[in-house]
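Residues per chain, in single letters:
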Amino acid sequence: MISLVGIGGFCCELVDVFSSYPQYTVYTINTENSSFDLPELKNAEEYEKHYPIELNKLVKDNNSEISVFLDGSEAINGIVLRFLENYKNRKINIYYIRSDLDLMGNIEKLQDKITFSILQEYTRSGLFNKFAIFDKVKIENFLENVSILDFDQKFNDLVASTTHYVNVYSNIKPILSNSIELSDISRMETYGLSEIGSTDINWFYELDNMEEIIYYFAINSNTLKKEKKLLQTIKNQVKEKQKENLKIMFNVYETSYQENFVYCVGRTKFIQQQRRA
């Protein structure tokens, strides 16, 4: 199982979606209505300065892996490094939500810049297992025909389901794979969705200097039995993507779902830079 921690209001709601999956133990940290409520403070420095020792006892399980979801622009993230010091013996994953910088004030932009940079440096050094980025603006562009009232829930459902199935498929044996060796220092990543036979990928973040892509083809039994040219279609899809000077791994899984899904993970060893605003 994986311990899952949401920090801040938005990410608390996001990780709550994972409660429907049995593979996670979910915890939340916010200023109200969370597993551990903190007082509302002025800035990240205040949160770090007034870090409560009692927070070290929040995660009571013995899971070998802990994943933290956070929005880097929120001041409450001042606690994150001290909090994660308690879990150095576990595999630590960071899931970073990037809000729209164009709509932030200067303080929030600076907070996001500092958090984005520091957590990547820790990841590159090997202290964290991975740093996965989700760009709210980019995801917003392909969540079409969604009302303002429904947007946050649709965003959370998409991010949670994609993250979950990437976790699941990366830990079970595929029925078919090209099994190439990937770099163990490519720890910056993002996720995306594609379709069988398409070279287009709807990425959740535009990763600079992408070096590797992992395809997880989740295909229903009926398609696997009836589509005689399926293997060639997948191979051609991978070969076309390799022309972009990318290392490609593909894995095929049999499912009982009616629909077929193609989940993608883009990876690089390069630190990502600030873009907008």
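Look up a bit, the structure's there.
A short tour of the structure in this document, coming up. What you are looking at is a predicted structure, and each value in this text was computed from that prediction instead of being measured.

1. What about the overall build of the protein?
For step 1, the next point in the chain: Scanning the protein from N- to C-terminus turns up 8 helices and 12 strands.
For step 2, the next point in the chain: C-alpha extents for the protein along the principal axes are approximately 60 × 40 × 40 Å.
For step 3, the next point in the chain: With 277 residues in all, the protein has 50% of them scored as buried.
For step 4, the next point in the chain: For the protein, long-range pairs separated by at least 24 residues make up 76% of all intrachain contacts whose partners lie at least 6 apart in sequence.
For step 5, the next point in the chain: Accessible surface, the protein as shown: approximately 14,200 Å² in total, 46% of it carbon and sulfur.
For step 6, the next point in the chain: One way to put it: in the protein the 31 positive side-chain charges average out to a point 8 Å from where the 39 negative ones average out.

2. Concerning unusual backbone geometry
For step 1, the next point in the chain: The phi torsion at Asn33 lies on the positive side, around 55°, for a residue other than glycine.
For step 2, the next point in the chain: Following the sequence through the fold, Asn33 ends up in the loop between strand S2 (24-30) and strand S3 (36-37).
For step 3, the next point in the chain: Under the relative-accessibility criterion, Asn33 is labelled exposed at 74%.
For step 4, the next point in the chain: Despite not being glycine, Asn245 shows a phi value in the positive range, around 60°.
For step 5, the next point in the chain: Within the secondary structure, Asn245 is located in the loop between helix H8 (230-242) and strand S11 (247-255).
For step 6, the next point in the chain: Judged by relative accessible area, Asn245 falls into the exposed class, the value being 71%.

3. Observations regarding a nonpolar patch on the surface
For step 1, the next point in the chain: A cluster of nonpolar side chains, Leu110, Ile114, Ile118, Tyr122 and Leu127, forms an exposed patch at the surface whose accessible area comes to about 440 Å².
For step 2, the next point in the chain: Checked against the element boundaries, Leu127 lands in the loop between helix H4 (106-124) and strand S6 (130-135).

4. Remarks on the pairing of strand S12 (residues 261-268)
Looking down a regular strand, the side chains alternate between one sheet face and the other.
For step 1, the next point in the chain: Across the 8 residues that make up S12, a large majority, 7, are buried.
For step 2, the next point in the chain: Sheet topology note: the strand S10 (residues 212-220)/S12 ladder contains 7 bridges and is antiparallel. Its bridge partner being in S12, Tyr216 is matched across the sheet by Tyr263.

Thresholds applied
- Residues numbered from 1 in each chain as written.
- Predicted model: local features only at pLDDT ≥ 70, side-chain atom pairs only at ≥ 80, totals over all residues.
- Heavy atoms only, no water.
- Helix = DSSP H or I, 4+ residues; strand = E, 2+ residues; numbered from the N terminus.
- Buried < 20%, exposed > 50% of the residue type's maximum accessible area, 1.4 Å probe, protein only.
- Contact = heavy atoms within 4.5 Å.
- Areas by Shrake-Rupley, 256 points an atom, 1.4 Å probe, with all protein chains shown as cover.
- Lys, Arg positive; Asp, Glu negative; His and termini not counted.
- Charge placed at Lys NZ, Arg CZ, Asp CG, Glu CD.
- Patch = residues over 30% accessible without salt bridge, like charges linked within 9 Å, V, L, I, M, F, W, Y side chains within 5 Å.
- Salt bridge = Lys/Arg side-chain N within 4 Å of Asp/Glu carboxyl O.
- Pairing = 2+ DSSP bridges.

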